[in-house]
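Single-letter residue listing:
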Amino acid sequence: MKKELIEARGIKIQVYTEDFENDFVSLSDIARYKSDEPSDVIKNWMRRKDTIEFVGLWESLNNINFNSVEFDRIKSEAGYNSFTLSPKKRIEKTNAIGIISKGGRYGGVFAHTDIAFEFASWISAEFKMYIIQDYKRLKSNENSKLSHNWNLKREISKINYKIHTDAIKEYLLKDLTNEQLSYKYASEADILNVALFNKRAKQWRDENPELKGNIRDYASLNELLVLANMESYNAILIAKGIEQKERMIELRNLARTQLLSLKKINNNTFISLENKITK
């Protein structure tokens, strides 16, 4: 999950994305421009018939699991004084994905940018323009960083290639110890951690007390790609009733094979890019 902040008329507004394609903006923060009781503002907006129709259309276009039958029932009730619709209730009844509730210190109600900007327009057309302006600045900065990072990675790729090769020699090509294979792991996440990184999450935290986050936050792109494949494969093995020890061996072999393949692909890609650049 990637979190950012934008600002409009002195109001700080949270933005986050989980897939780097769809951004979600805090409706709770936007609503504070109008009232110190943002939840009431959001509920008032969500109970409006035109809001329900707009959000329902968005879900129909973007959500293959949207429960349109339940939504039609909700839409038929809209407009009555007794009608209320909280984000949580809406999600539970219709499998909606466009508006979500998040708990915790920085939680609240978040919505996809398409919906969030519609909400901001209802709050204030002027305020919406300030939000969009700073959101564009955020996206422009992100694109600039991506470009800068690509050039930086191209310059250090030779060094990184050597480090990555040494890391594979250090632990990945070695077999797991008997202790690692026989250990009863409390979570499936730690099984994947040991299979890929050769250590449990707690071991990594004990070794790196000065670092924030967890072991996966410091994984390479190659490792994250392999990890995604391991998660899918592990689910298949679990469904087949494969014991934990046997799954660990299978996952280790998968990690080893795919990381070595990616290393070769990355090296060939780097050579190809270098040739294009020097021509």
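See the structure shown above.
Small disclaimer: the values here were computed from a predicted structure and weren't measured.

A. Inspection of the sheet that holds strand β4 (residues 99-102) at higher detail. Strand order in this open sheet of five strands is β1-β2-β3-β5-β4, and the pairing throughout is antiparallel. Both edges of this open sheet fall to β1 (2-8) and β4, since each of them pairs with a single strand only. Between one strand axis and the next, the sheet turns through 30° on average, direction left out of account. Summarising the sheet, β1 and strand β2 (residues 11-17) pair through seven bridges and their orientation is antiparallel. Across the sheet, Ile6 pairs through a bridge with Ile13, a residue of β2.

B. Molecular detail of the pattern of salt bridges. Taken as a whole, this structure holds 10 salt bridges when the rule is applied. One salt bridge connects Glu70 with Arg73, and the closest N-O pair in it is separated by 2.7 Å. With a gap of three residues between them, Glu70 and Arg73 both fall in helix α4 (residues 68-77), about one helical turn apart. For Glu70, a relative accessible area of 18% corresponds to the buried category. Residue classification places Arg73 among the partly exposed residues on the basis of a relative accessible area of 34%. In this structure, Arg137 and Asp134 form a salt bridge, with 2.6 Å as the shortest nitrogen-oxygen distance. One end of the pair is Arg137 and the other is Asp134, both in helix α7 (residues 125-172) and three residues apart, which spans about a single turn. Arg137 gets classed as partly exposed once you look at its relative accessible area, which sits at 35%. With a relative accessible area of 14%, Asp134 lands in the buried category.

C. Spotlight on the nonpolar core. In this structure, Ile13, Leu27, Ile30, Ile99, Phe119 and Ile131 are the most contacted members of the largest nonpolar core, which totals 29 residues. Put simply, the parts of the chain that give this core at least two residues each are β1, β2, α1 (27-31), α2 (38-46), α3 (49-62), β5 (108-112), α6 (113-123) and α7. Here this core gets six residues from one element, more than from any other, and that element is α6. With 18 residues, the next largest nonpolar core counts Val194, Leu227, Leu251 and Leu254 among its residues.

D. Here's a closer look at the pairing of strand β3 (residues 23-26). Every second residue of β3 is oriented toward a common face, with Asp23 and Val25 on one face and Phe24 and Ser26 on the other, all of them buried. The sheet contact formed by β2 and β3 spans three bridges and is antiparallel. Each residue of the ladder has a partner; that of Tyr16, found in β3, is Phe24. Across three bridges, β3 lies against β5 in antiparallel orientation. Bridging from a neighbouring strand, Val25 pairs with Ala111 of β5.

E. Region of interest: the pairing of β2. Within β2, six of the seven residues are buried, which leaves the element mostly enclosed by the surrounding structure. As consecutive antiparallel partners, β1 and β2 are separated by two residues, and within that stretch Arg9 has a phi angle of approximately 50°, a positive value.

F. Geometry of the packing of aromatic side chains. Counted by the stated rule, this structure contains eight aromatic pairs. Ring centres of Tyr16 and Phe24 lie 5.7 Å apart, and the angle between their planes is 25°; on these two criteria the pair is classed as stacked. For Tyr16, a relative accessible area of 5% corresponds to the buried category. Between Trp45 and Phe119 the ring centres are 4.9 Å apart and the planes differ by 65°, which places this aromatic pair in the edge-to-face class. Here Trp45, found in helix α2, pairs with Phe119, found in helix α6; they are 74 residues apart in sequence, far enough to count as distant. By relative accessible area, Trp45 is classed as buried at 2%. Directly above the aromatic system of Trp122 lies the positively charged group of Lys34, at a separation of 4.3 Å from the ring centroid. Above the face of the Tyr16 ring, Lys102 is positioned so that its terminal group lies 4.7 Å from the ring centre.

Calculation notes
- Residues numbered from 1 in each chain as written.
- Predicted model: local features only at pLDDT ≥ 70, side-chain atom pairs only at ≥ 80, totals over all residues.
- Heavy atoms only, no water.
- Pairing = 2+ DSSP bridges.
- Helix = DSSP H or I, 4+ residues; strand = E, 2+ residues; numbered from the N terminus.
- Axes fitted to C-alpha atoms, helices over the stretch in contact; angles between N-to-C directions.
- Salt bridge = Lys/Arg side-chain N within 4 Å of Asp/Glu carboxyl O.
- Buried < 20%, exposed > 50% of the residue type's maximum accessible area, 1.4 Å probe, protein only.
- Core = buried A, V, L, I, M, F, W, Y, C linked by side-chain atoms within 4.5 Å.
- Phe/Tyr/Trp six-rings, centres within 6.5 Å; stacked < 30°, edge-to-face > 60°.
- Lys NZ or Arg CZ within 6 Å of the ring centre and 35° of its normal.

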